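# Breakdown of the fold
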Number of protein chains: 2
Amino acid sequence: MTGNRLERLRQQMKEAGVTVYVVPSSDCHQSEYVCAHYRVREYLSGFTGSAGTLVVTMEEAGLWTDGRYFLQAERQLQGGPIRLFRMGEPGVPKVKEYVREKLTKGGRLGFDGRVMGAFRAAELMREAEEKGADTLMTEDLAGAIWEDRPGIPDSEVFLLEPCYTGEETSGKLARVRAAMEKAGADVHVLASLCDISWLLNVRGGDIPGVPVVLSFLCLTEETCVWYVRRQVLTENILGKLSREGIAVREYEKIYEDMETLAEGRRVLLDRKNVNSRLFHAIPKGAKIVDESNPTELMKAVKNGAELMNLRRAHLKEGLAFTRLMRWLKTRAGREKITERSAAEYLDARRREQSHYLGQSFAPICAYKEHAAIVHYSATEESDAPIKPEGMLLVDAGGHYLEGTTDTTRTFVLGEVSEEQKRMYTAVCRGNLRLAFAKFLYGCTGYQLDLLCREPLWQMEADYKHGTGHGVGYLLNVHEGPNAFRWKQPEEGETPAVLEAGMVTTDEPGIYIEGAYGIRTENELVCRKGAVNDYGQFMEFEILTRTPIDLDGLLPQEMTAEEREWLNAYHADVYRTLAPHMTAEEREWLRGATRRI
Amino acid sequence: MTGNRLERLRQQMKEAGVTVYVVPSSDCHQSEYVCAHYRVREYLSGFTGSAGTLVVTMEEAGLWTDGRYFLQAERQLQGGPIRLFRMGEPGVPKVKEYVREKLTKGGRLGFDGRVMGAFRAAELMREAEEKGADTLMTEDLAGAIWEDRPGIPDSEVFLLEPCYTGEETSGKLARVRAAMEKAGADVHVLASLCDISWLLNVRGGDIPGVPVVLSFLCLTEETCVWYVRRQVLTENILGKLSREGIAVREYEKIYEDMETLAEGRRVLLDRKNVNSRLFHAIPKGAKIVDESNPTELMKAVKNGAELMNLRRAHLKEGLAFTRLMRWLKTRAGREKITERSAAEYLDARRREQSHYLGQSFAPICAYKEHAAIVHYSATEESDAPIKPEGMLLVDAGGHYLEGTTDTTRTFVLGEVSEEQKRMYTAVCRGNLRLAFAKFLYGCTGYQLDLLCREPLWQMEADYKHGTGHGVGYLLNVHEGPNAFRWKQPEEGETPAVLEAGMVTTDEPGIYIEGAYGIRTENELVCRKGAVNDYGQFMEFEILTRTPIDLDGLLPQEMTAEEREWLNAYHADVYRTLAPHMTAEEREWLRGATRRI
């Protein structure tokens, strides 16, 4: 099927004179997750992961994806005509290097400019230019061959009340305008859906798992125009927008409005998330101020109300997750449980909680060797029955009005090997070392990542993914700019300093192909610690409230300090969850959070 | 005295129309240490530290220095007219910010372009331009008022034989020329004295403690011209140079030769270490390729012969240092020992070793509260008598034909408080955690630094200096690009990836003003560890061979792993030193390296 689609794409390429065609994974907003309408790369390649780039030439086709998806992509591309390029592995060319190699003088690079970020597009166009090839960037060649392509959902927009956001839109707009002035800009174009939803205190349902509204926003000192599809707006929303002086225009009008920007306007935008077509619509006479959206940092730093809410969201999620844990550890082998039914059990426990809006991403419920596939998703065929043996990895999260959660636990359901326990213990030690770190203000996640990895590195083991990502508030569960990663940032990227109020996951793991996978993930909120002659110390508060399964641990391989940290965490888990549990549950929880 | 000199400088400034005059600490090669002739900043300010910038206006004068020198500068500037600016402290402006503030429209910025790096000069000139001021950069105003200014030494140059360098000049030149080609350059101007000495396999005595030769070098595909003062060359050297096709020109000729560079030449140079006058001598028609000198990374990565030699150098240094340790710990209180006599004792023990050439920097021998001054240097007045109590910090190093050493130990000479022991233990733990780290290839010292600092940070304590610096081979004891630091690099600086063969110090500390100071420093050479599916693991070998004083340790505050690391290190120390010691010394060493 994939082969046939590629052939039809090549037919299109031939007609347009395109010799190398690049298909990213994104929508018109550089979103990480996209609605079905925009899954062109998946349609063409059959690879369903969230991150990947397809490059098609007349002779070859290649798919680039990162370490989280190596095993999945291998499986999904197996036997097909598309070659897998494992990003970041030694000797593997980057997309732009491959494009450069494949382009020849007189050749033509093609891509859909609406779904390609302006920064990335410029990089590729530079490669083309240097090889004497030109670029065709308006045609959606791949979309043209897609029969029965899904439409864009028309989910209604809803308001997020001040008790959840902690700050009115007027206040946020004032802060953004002050940032524009500081950057020397008089126009600001926003394409990032999470940034726009945060700024306007609205949420929608245009992307599965990410409650945002497909839209653009253009801000000046006096005006604010929201480019959005009218059919998703209610009277209630229109009233709020009008009171806040926010004008509404049709979604597609942004392109022509950009073309009419006056000479000399100074336009603040982030070339990394404004699409290429939009960027090129801006007249040459305007000055581009290419910086991160001011909203990026603002929304990453959660305010007091958001943090209070998040603690409540994590209490609810903790109750659901802990109930799943108890069910699995007491019922596995006694009743029929599978990977999918376990995920469903967890979601049912969430639905018993108030203000639950849905899953924040497709849950990973992976038994035994399935857990070695970092982003495993159980299908009807793969759905493994769970027995009282081995380990089950559950990585899942929910959206509540009180915020978004993301938790991973690896449950020990019976006998596991000594090696598995050693690995489980090293993962847990790394998780604790990061969570209980103290550090001077100014450190970045690129530095702290090592604290987490060192116990595994001492065993000459590693996990091929970042240690953690920022978490949105009822937005994308992956959010920048904060992250824990050890690999050097790309050129032009500056690692973000950890600020009080930032929420980041702490999720080390270990994956042994064909055997097992382990990951332990908590969410950490950064906060100020002591301030003294040495400076401002920073530390973390753990938001997640679910026991770490003690049955996998070798306490003698932990330091006394690490054991004390875990005991302190478990005491917190017990203290917060117990009042909301039945006597029977409490009894069990006491055991699950016992001191070691 | 300082006030008088400043007034005479201001007279000069007035005559030249200069309103803000900047005096860096450097010579014409951006050397860290300089010979007496170039100590203009010290002459004007009275501050004797190796790093600092003086800025003089008609009304004010300020001195900028870093955390290593805060206490020393405070003392040396006390009561004088110069204000101390503590670099990196919150609220303290940078030199360029201060210069910007002080310059007014029509004002004039002045500095000696020969002793100011081109990169830094450009930054300052940009500030001037933005304020509508101009820049005068040829006049050495400060030098003009210096009566009895010392001359430049005429120390003879000597050859370093292949058994010490491990690579002939011809091989090094070929590697540099290949790097020039890769960078797209056809001319390469070298001003860094260490790089030139490394490249030509020569050493000299033009800077105290740094055996280099004041000179420039200009390389093309066919030619190599060494600009050097003839009087320091011997027949032997001239013969070698001639055989290698290296031409010799007078030192000062570099400036006029640069002016004659043809249009279109592509000149590779590092604006961070080429001086401003030299940089501006290059015609505008030449294209500047502003990159690090290829020699910087080449000389940082020690080859097999150099590493073999370094192990021998550290055996000799270890014998001297360990003998000092034994003498102090057995004789303090029984004979008259002072800070200066202890340093002298150490140097005498070095002189008993073969191939010893002299100290690699002014030794720091600091008793009790003196040790809180990070770069303390005992004077005749301050020279404290050493009693059998408290702690003595000794930071010292030597140059041998087999390489350069840098060691710090803090010796416990009698009763010390529980707090001191807790701090001593935390410093030792940090030192060991870094030394025994394993990490994947690609990590930088900006990441690894945290492993060392974390034990102190957990106690909400810190040291206001980097954790470590690269070490030259019979060159400057401070060498880039490798370093362990946690503070974010300046804009435009990229932290260096740790490569096998790089030698870096590991020297955490703690400094309590008026009370005590602790530092433990070993030199680490980076080497390849296991390679597996996760990638290439890297680790360190400890070069330094001197016991870490067990009398300061609280073993119960260390993890079992940390105790094992220390035991393994001490076993190594005993194994290498014992065969070279007397029976009595061996007996004592066995105790000093006992298992804990």
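Residues numbered from 1 in each chain as written. Chains lettered and ligands numbered in written order. Predicted model: local features only at pLDDT ≥ 70, side-chain atom pairs only at ≥ 80, totals over all residues. Heavy atoms only, no water.

## Quick notes on the nonpolar core
Taken as a class, soluble globular proteins show a tendency for nonpolar side chains to be buried jointly. Quick reminder of the rule: Here the nonpolar core consists of buried residues drawn from Ala, Val, Leu, Ile, Met, Phe, Trp, Tyr and Cys, with membership extended through side-chain atoms lying within 4.5 Å. Relative accessibility thresholds used throughout: buried, under 20% of the residue-type maximum; exposed, over 50%; partly exposed, between the two (1.4 Å probe, protein chains only). Contacts are assigned to residue pairs with any non-hydrogen atoms lying within 4.5 Å of each other.
Grouped together as the largest cluster of nonpolar side chains are 162 residues, with contacts concentrated most on Phe439 and Leu448 of chain A together with Phe439 and Leu448 of chain B. With near-sequence residues (within four places) excluded, phenylalanine 439 of chain B lies in contact with Trp457 of chain A together with Leu448, Leu498, Cys526, Gln536, Phe537, Met538, Glu539 and Phe540 of chain B. Ranked by size, the runner-up nonpolar core spans 74 residues in total, among them Cys194, Ile196, Cys224 and Tyr227 of chain B.

## Concerning the confidence of the model for chain A
Quick note on the threshold: Scored from 0 to 100, pLDDT records how confident the predictor is in each individual residue.
The pLDDT averaged across chain A works out to 95; a share of 99% of its residues lies at or above 70. Reported for the predicted complex are a pTM of 0.92 and an ipTM of 0.91.

## Considering the relation of the copies chain A and chain B
The two chain copies are connected by a rotation around an axis plus a translation along it. Definition in use: Least squares is used to superpose the copies, and the fit set is the C-alpha atoms of residues whose pLDDT is at least 70 in both copies.
Between the two copies, chain A and chain B, the superposition gives an RMSD of 0.0 Å; the rotation angle is 180 degrees and the shift along the axis is 0.0 Å. Both chain copies can therefore be described as sitting about a two-fold axis. When C-alpha positions in chain A are compared against the rotation axis, the closest is assigned to glutamine 447 of chain A, at 2.2 Å. Taken together, the interface assignments show that 97% of the residues at the interface of chain A recur at the interface of chain B, consistent with an identical surface on both copies.

## Focus on helix α1 (residues 2–16) of chain A
One full turn of an α-helix is made of 3.6 residues, so residues set three or four places apart face in the same direction. Residues and elements named next belong to chain A. Inclusion rule: The numbering of helices and of strands both runs from the N terminus, where a helix is a DSSP run of H or I of at least 4 residues and a strand a run of E of at least 2. Under the convention used throughout, the expected extent of a helix is 1.5 Å for every residue step, that is, one less than its residue count. What the arc covers is the set of directions going from the helix axis to the C-beta atoms.
For α1, built from 15 residues, the straight-helix expectation of 21 Å at 1.5 Å per residue is met to within 8% by its first-to-last C-alpha distance of 21 Å. Within α1 the residues assigned to the buried category are Arg5, Leu6, Leu9, Arg10, Met13 and Ala16. Down the axis of α1, the buried set is contained in an arc of 140 degrees. They therefore lie on one face. Residues of α1 that are exposed and point more than 90 degrees away from the buried face comprise Lys14 and Glu15. One or two steps after α1, the chain reaches glycine 17, where phi turns positive at roughly 70 degrees.

## Focus: the sheet that holds strand β19 (residues 403–404) of chain A
Residues and elements named next belong to chain A. Defined as follows: At least two bridges found by DSSP between two strands are what make those strands a pair. Fitting a line to C-alpha atoms yields each axis, with helices limited to the stretch in contact; the angle taken between N-to-C directions then spans 0 to 180 degrees.
With antiparallel pairing, three strands are arranged side by side in an open sheet as β15-β18-β19. Two strands lie at the open edges of the sheet, namely β15 (356–359) and β19, each paired on one side alone. Inspection of the sheet shows strand β18 (residues 398–400) paired to β19 by two bridges, in the antiparallel sense. Bridge pairing in β19 places tyrosine 400 opposite glycine 403. Along the sheet, helix α15 (residues 339–351) makes contact with β15 and β18, crossing β15 at roughly 165 degrees.

## Here we look at the layout of surface pockets
The cut-off we apply is this: Lining residues are defined by having an atom within 4 Å of a point belonging to a cavity or pocket. Those points lie on a 1 Å grid over the protein atoms alone, cavities being sets where a 1.4 Å probe fits but cannot get out and pockets being open sets with protein on both sides within 12 Å along at least five of seven lines. Grid points are joined across faces, edges and corners, and a volume is the space filled by probe spheres set on the points. Following the grouping adopted for this structure description, the nonpolar residues are Ala, Val, Leu, Ile, Met, Phe, Trp, Tyr, Cys and Pro, the charged ones are Asp, Glu, Lys and Arg, and the polar ones are all others, Gly among them.
The volume enclosed by the second largest pocket comes to roughly 750 Å³. As for the second largest pocket, its lining consists of 36 residues, of which Arg433, Thr559 and Glu562 of chain A together with Arg433 and Thr559 of chain B are closest to the centre. Those elements that provide at least two residues to the lining of the second largest pocket are α16 (418–435), α17 (445–458) and α18 (560–577) of chain A together with α16 (418–435), α17 (445–458) and α18 (560–577) of chain B. For the lining of the second largest pocket, the per-class residue count stands at 14 nonpolar, seven polar and 15 charged.

## Observations regarding the packing of aromatic side chains
Heads up, the condition is: Aromatic pairing here means that ring centres of Phe, Tyr or Trp (its six-membered ring) are within 6.5 Å. Orientation follows from the plane angle: under 30 degrees is stacked, over 60 is edge-to-face, and everything else is tilted.
Inspection of every chain in the model, using the stated rule, returns 26 aromatic pairs over all chains. Taking the centre distance of 5.2 Å and the plane angle of 20 degrees together, the rings of phenylalanine 216 of chain B and tyrosine 251 of chain B count as stacked. A residue pair is termed long-range when its members are at least 10 positions apart, and phenylalanine 216 of chain B in strand β10 (residues 215–220) and tyrosine 251 of chain B in the loop between β12 (247–249) and α11 (253–259) qualify at 35 residues. Both residues of the pair, phenylalanine 216 of chain B and tyrosine 251 of chain B, count as buried. Taken together through their ring pairs, the aromatic side chains of Trp64, Phe85 and Tyr98 of chain A make up a single cluster.

## Concerning the pairing of strand β25 (residues 509–512) of chain A
Residue and element names in this part refer to chain A. By the bridge criterion, four bridges tie β25 to strand β26 (residues 516–519) in an arrangement that is antiparallel. Bridged to isoleucine 512 within β26 is tyrosine 516. From the end of β25 to the start of β26, which pair antiparallel, there are three residues, and glycine 514 there has a positive phi angle of about 75 degrees.

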